[in-house]
Amino acid sequence: MTPTESISPQQKQHFEQQGYLILRGMFSADEAQQYRDHYMALRAQGAKPGDLSGVDATSRDPLKKFPRMIHMHRWDALSLEWLLDRRIAAALGGLTGAEPFAVQTMIYYKPPKARGQALHQDQFYLRAQPGTCVAAWMALDACDEANGCLRVVPGSQDWPLLCTVKADTTQSFTDVTVPIPDGTPVVSMLMQPGDVLFFNGQVVHGSGPNHSPDRFRRSLIGHYLTGDARQVAKYYHPALRMDGSVVELDTSEAGGACGVWVEQDGTPAIELAGVEGITGRTE
Ligand SMILES: O=C(O)CCC(=O)C(=O)O
């Protein structure tokens, strides 16, 4: 199947007009289960390369027991396989018109009672130039408002990069957010395991806390650059073609890791430690 055959004209139009598209059942329920088991087993092993805050099984903050993992594809074969999966490659090619470059994996565990991530734009951090970045956000659990599903601002792909302001760190584990005009619709992405949400790097998105008493909201996330990109922030090097080979890109001066971990009282904490090659942070 060629990239253009995997995406219908209506789907492409939705992505271009709204800035996002959910492809339902892109991965099977069994595959989602396999990823859940895999990443729970990895987290249970303790600290991993790219962990920014370490694992603290005794903490009262659920996110310290289950911190997100970043750039797992650099040391974990299953993560690399997922990042370069031919279904994702075909969908991104169909949506953006060219094969993308892959730069990042992340797994969010978001256990019960965990904080969410305040509204932001991924391109603020990745700084893909020219073009933009695109996310593939795969639900590993059923995601709804109770367990802190992802929320997006439709149409915001046409907005500029917004200046950030301080976020409410009782609700968000990152300390910056982007202010949006009063009354702007923010739409909840209700998803089932194996559904994949694609969204443009300019799209304002985030998530609220997980209010559920007992449900995780795990998601596997890939970040890509549109195929015309020639630069990306240093943190995201090396960029990969979808066949796994390295593509040499220049370094964008601005950008950095996606958010800074903060304590619930807003005190900047440990997530800066261990960040490889973080330069030109704009936070
Ligand atoms: O999954 C979430 O709650 C936030 C993820 C996110 O913002 C991202 O992938 O850029």
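In this text, all values refer to a predicted model and were calculated from it rather than measured experimentally.

Some remarks on the overall build of the chain
Helix and strand counts for the chain come out as seven helices and 16 strands. Looking at the chain residue by residue over its 283 residues, the buried ones come to 57%. Taking as baseline every contact in the chain between residues at least 6 positions apart, the subset at least 24 positions apart corresponds to 80%. When the accessible area of the chain is evaluated, it comes to approximately 11500 Å², of which 53% is carbon and sulfur surface.

Some points on the nonpolar core
Counting 39 residues, the largest nonpolar core has Trp137, Leu197 and Leu225 as its most contacted members. Contributions of two or more residues to this core are made by strand 1 (20-23), strand 3 (101-108), helix 7 (123-126), strand 5 (133-139), strand 6 (150-152), strand 10 (196-200), strand 12 (219-225) and strand 13 (231-233). Residues Trp82, Ala89, Met138 and Tyr224 belong to the second largest nonpolar core, which totals 35 residues.

What about the site of the ligand?
The environment of the ligand is formed by 13 residues, the closest being His120, Asp122, His205, Ser207 and Arg217. The separation between an oxygen atom of the ligand and a polar side-chain atom of histidine 120 is 3.0 Å. Contacts to the ligand include aspartate 122, whose side-chain N or O atom sits 2.9 Å from an oxygen atom. Across the complex, the protein chains shield 99% of the 290 Å² of accessible surface that the ligand would expose by itself. Looking at the shell around the ligand element by element, the count peaks at three residues for strand 12.

What about unusual backbone geometry?
Here glutamine 129 and proline 130 are connected by a cis peptide whose omega angle stands at -15 degrees. By secondary structure assignment, the location of proline 130 is in the loop between helix 7 and strand 5. Of the consecutive residues histidine 237 and proline 238, the connecting peptide bond is found in the cis state with omega at 0 degrees. Here proline 238 is to be found in the loop between strand 13 and strand 14 (239-240). One non-glycine residue, lysine 113, lies in positive phi territory at about 75 degrees. On the secondary structure map, lysine 113 appears in the loop between strand 3 and strand 4 (117-120). Backbone geometry at arginine 127 places phi at a positive 55 degrees, although glycine is not the residue there.

What about the sheet that holds strand 11 (residues 205-207)?
Taken in spatial order, the four strands line up as 4-11-6-9 in an open sheet, and their pairing is antiparallel. Both edges of this open sheet fall to strand 4 and strand 9 (187-188), since each of them pairs with a single strand only. Sheet topology places strand 6 next to strand 9; two bridges connect them, and they run antiparallel. The residue bridging arginine 151 from the neighbouring strand is serine 188, located in strand 9.

Some points on the pattern of salt bridges
For the coordinates displayed, the defined rule picks out eight salt bridges. Residue arginine 218 pairs with aspartate 141 through a salt bridge whose shortest N-O separation is 2.8 Å. Taken together, the residues arginine 218 in the loop between strand 11 and strand 12 and aspartate 141 in the loop between strand 5 and strand 6 connect sequence positions 77 residues apart. By relative accessible area, aspartate 141 is classed as buried at 10%. Within the structure, one salt-bridge network assembled from shared partners comprises Glu31, Asp85 and Arg87.

Quick word on helix 6 (residues 86-96)
Counting buried residues along helix 6, eight of its 11 residues qualify, which places the element largely inside the surrounding structure. What helix 6 keeps buried is the set Ile88, Ala89, Ala90, Ala91, Leu92, Gly93, Gly94 and Leu95. Where helix 6 begins, the side chain of aspartate 85 points an oxygen toward the backbone nitrogen of arginine 87, at a separation of 2.7 Å. Where helix 6 ends, the next residue or the one after it, glycine 97, has phi of about 90 degrees, a positive value.

Describing the environment of isoleucine 180
With respect to the helices and strands, isoleucine 180 occurs in the loop between strand 8 (176-177) and strand 9. Sequence separation between isoleucine 180 and leucine 162 is 18 residues; the distance between their C-alpha atoms is 9.0 Å. Discounting residues that sit within four places of it in the chain, isoleucine 180 has contacts with Leu119, Val153, Trp159, Val186 and Val204.

Here we look at the environment of valine 165
Take valine 165: it is sitting in strand 7 (residues 165-166). On the basis of relative accessibility, which here comes to 39%, the residue valine 165 falls in the partly exposed class. Through-space distance from the C-alpha of valine 165 to that of threonine 177 is 5.4 Å; in sequence the pair is 12 residues apart. With sequence-adjacent residues up to four places away left out, valine 165 is seen in contact with Asp175, Val176, Thr177 and Pro179.

What to know about the environment of glutamine 45
Counting through the fold element by element, glutamine 45 comes out in the loop between helix 3 (29-44) and helix 4 (62-65). On a C-alpha basis, the gap between glutamine 45 and valine 55 in space is 9.7 Å, while along the polypeptide they are 10 residues apart. At a separation of 2.6 Å, a polar atom in the side chain of glutamine 45 contacts the side chain of lysine 48.

Conventions used here
- Positions within a chain are numbered from 1, following the residues in the order the chain's sequence is written.
- Local features in this predicted model are restricted to residues whose pLDDT is 70 or higher, and side-chain atom pairs enter the listing and the counts only when it is 80 or higher, whereas totals over whole chains, interfaces and linings include all residues.
- As a convention, hydrogens and water are excluded, and side-chain values are obtained from all of the structure's heavy atoms.
- By the criteria applied, helices consist of DSSP H or I runs no shorter than four residues and strands consist of E runs no shorter than two, each listed in order from the N terminus.
- Only protein chains enter the area calculation, which uses a 1.4 Å probe; residues under 20% of their type maximum are buried, those over 50% are exposed, and those in between are partly exposed.
- We call two residues in contact whenever any of their non-hydrogen atoms come within 4.5 Å of each other.
- Using the Shrake-Rupley algorithm and a 1.4 Å probe, accessible areas are obtained, with residue cover drawn only from the displayed protein chains.
- As used here, the term nonpolar core means buried Ala, Val, Leu, Ile, Met, Phe, Trp, Tyr and Cys residues forming a set that is joined through side-chain atoms within 4.5 Å.
- We define proximity as follows: a residue is near a molecule or strand when any one of its heavy atoms falls within 4 Å of that partner.
- Polar contact is defined as a pair of N or O atoms within 3.5 Å, subject to the rule that within protein one atom must be able to donate a hydrogen and the other to accept it, and that residues adjacent in sequence are counted only when both atoms are side-chain atoms.
- Pairing between strands is defined by DSSP: at least two bridges between them are needed.
- Between Lys or Arg on one side and Asp or Glu on the other, a salt bridge is scored when a side-chain nitrogen of the former is within 4 Å of a carboxyl oxygen of the latter.

From the geometry alone we can't say anything about function, so treat these as descriptive.
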